[in-house]
Amino acid sequence: MKNVEFHNGNTMPQVGLGVFRVEDGEECKNAVKHAIVNGYRSIDTAMIYKNEKSVGEGIKEGIKEAGIDRSDLFVTSKLWFDDYGQGNVEKAYDTSLENLQLDYLDLYLVHWPGTDEELMIQTWQEMEHLYNNDRVENIGVSNFMIPHLERLLQRTDVKPVINQVEYHPYLVQNDLKLFLESRKIIMESWSPLMNAKILTDETINEIAEETGKSPAQVVIRWNIENGLVTIPKSVTPERIEENIDVFDFSLSDAQINRIDQLNKDTRIGSDPATFNGKK
């Protein structure tokens, strides 16, 4: 497993398991456990996924079966809109820790910027308080666009280590990528496989044939080649294993360029410019 390094000197595995839209229960627990036993060292969840308890059980069982320590794992969760603002963040963080049966998180993210700038700034200041008091190893943001980041960086003291955003071959967000690189903020992709929709793309399948790898492995490797952290979701044991088996090949510059050219600026998720947590 390769790691990326944050601007604060801490590191994070480049590939992890995402559990968005995985219901709380045995399936979620078993997916997390299987991932850890099969070499995953990064698990990503969120308060709003309502599966932190099962993720915690999977972590507990996975650590035991894999014979590793908690410190060998990198665990991420996220703060939801309901807990934004002064006096709310630490309580929400403690609830996530309780659900996950953990003493600390390796990474805590503000899940969306929202449409209230003052509330976003207040929330980040509360995140800074957690970080400065050694409650959490790293803090970052999710779904922030360039204007959100510019305002955040102007008005706060601690720079996010990462920005987790929608990123796949149909949405490459190159301007955002360059902005983050210039400020040494890592870019992380959620839904890198577009809920499996990208796996039928003709170009992706051509490159899969050329490399002798699966379409999913090609897309995950493309994320790695572009310097991103990525968290593909799966609950299927074979897919979980396949998605991490991406460190024994590389894509050529020509292949990377062919995938880059697939960009359509197409989102499958909400627009960060307007989303405020309401459906």
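Before reading on, note that the structure itself is shown above.
All values reported here derive from a predicted model rather than from experimental measurement.

A word on the overall build of the protein chain
Along the protein chain, the regular secondary structure elements total 10 helices and 10 strands. In terms of its C-alpha atoms, the protein chain occupies a principal-axis envelope of roughly 55 × 45 × 40 Å. When each of the 279 residues of the protein chain is scored for burial, the buried share is 54%. In the protein chain, once contacts between residues fewer than 6 apart in sequence are set aside, the share between residues at least 24 apart is 75%. Roughly 12300 Å² of accessible area belongs to the protein chain as shown, and the carbon and sulfur atoms make up 42% of that amount. The averaged location of the 47 negative side-chain charges in the protein chain is 2 Å from the averaged location of its 29 positive side-chain charges.

Here we look at the pairing of strand S5 (residues 74–79)
Counting buried residues along S5, 6 of its 6 residues qualify, which places the element largely inside the surrounding structure. The pairing of strand S4 (residues 42–44) with S5 spans 3 bridges and is parallel. Opposite Asp44, over in S5, you have Thr76 as the bridge partner. Note that S5 and strand S6 (residues 107–110) share 4 bridges and pair parallel. Considered in S6, the bridge of Thr76 is made with Leu107. This β-α-β element, S5 to helix H3 (residues 89–100) to S6, shows right-handed connectivity.

Considerations on the pairing of S6
Residues of S6 alternate between two faces, with Leu107 and Leu109 on one and Tyr108 and Val110 on the opposite face, all of them buried. Across 3 bridges, S6 lies against strand S7 (residues 139–142) in parallel orientation. Bridging across to S7, Tyr108 finds its partner in Ile139. In terms of handedness, the path from S6 via helix H4 (residues 117–132) over to S7 forms a crossover that is right-handed.

Here we look at the sheet that holds strand S3 (residues 17–18)
Taken together, 8 strands build an open sheet; the order of strands is S3-S4-S5-S6-S7-S8-S9-S10 and the sheet is parallel. The open sheet has two edge strands with one neighbour each: S3 and strand S10 (229–230). Note: S7 against strand S8 (residues 162–166), 2 bridges, orientation parallel. Within the sheet, the bridge partner assigned to Ser142 lies in S8 and is Gln164.

Description of the nonpolar core
Grouped together as the largest cluster of nonpolar side chains are 78 residues, with contacts concentrated most on Ile59, Leu105 and Tyr108. Counting residues per element, this core draws most heavily on helix H8 (residues 215–225), which supplies 6 residues. Membership of the second largest hydrophobic core comes to 10 residues, among which are Val4, Phe74, Ile186 and Val229.

Overview of the pattern of salt bridges
For the structure on display, the rule yields 18 salt bridges. Where Lys29 meets Glu61, a salt bridge forms, and the shortest distance between an N and an O atom there is 3.4 Å. Residue Lys29 is located in helix H1 (residues 26–37), and its partner Glu61 is located in helix H2 (residues 52–66); the two are separated by 32 residues in the primary sequence. Look at Lys29 and you get buried, because its relative accessible area is 14%. Among the ionic pairs, Arg258 bridges to Glu206, the shortest N-O distance being 3.3 Å. Placement of Arg258 in helix H10 (residues 253–260) and of Glu206 in helix H7 (residues 202–211) is noted, with a sequence separation of 52 residues between them.

Considering unusual backbone geometry
Even without being a glycine, Lys184 presents a positive backbone phi close to 55°. Tracing the sequence through the fold places Lys184 in the loop between helix H6 (174–182) and strand S9 (186–190). Within the chain, Met194 stands out as a residue other than glycine whose phi angle is a positive 55°. Its relative accessible area of 4% is what places Met194 among the buried residues.

Conventions and cut-offs
Along each chain, the written sequence defines residue order, and numbers are assigned to residues from 1. Restriction of local features to residues with pLDDT of at least 70 applies here, the model being predicted, together with a cutoff of 80 or more for giving and counting side-chain atom pairs; totals for whole chains, interfaces and linings are based on all residues. Where side-chain values are given, they derive from all heavy atoms of the structure, hydrogens and water being excluded. Helix and strand assignments come from DSSP, with helices taken as H or I runs of at least 4 residues and strands as E runs of at least 2, each series counted from the N terminus. Note on exposure labels: buried denotes an accessible area under 20% of the residue type's maximum, exposed denotes more than 50%, and partly exposed covers the range between, all computed with a 1.4 Å probe on protein chains only. When checking whether two residues touch, look at their non-hydrogen atoms; a contact exists if any pair is within 4.5 Å. For accessible areas, the Shrake-Rupley method is used with a probe of radius 1.4 Å. Any residue's cover is judged against the shown protein chains and nothing else. Positive charges come from Lys and Arg, negative ones from Asp and Glu, while His and the chain ends are left out of the count. Just so you know, the charge point we use is NZ for Lys, CZ for Arg, CG for Asp and CD for Glu. Note on pairing: two strands pair once DSSP finds at least 2 bridges between them. With the strands pointing away from the viewer, any crossover whose connection runs clockwise from the first strand over the helix to the second is right-handed. Nonpolar cores are built from buried Ala, Val, Leu, Ile, Met, Phe, Trp, Tyr and Cys residues. Side-chain atoms within 4.5 Å join them into one set. We count a salt bridge whenever a side-chain nitrogen from Lys or Arg sits within 4 Å of a carboxyl oxygen from Asp or Glu.

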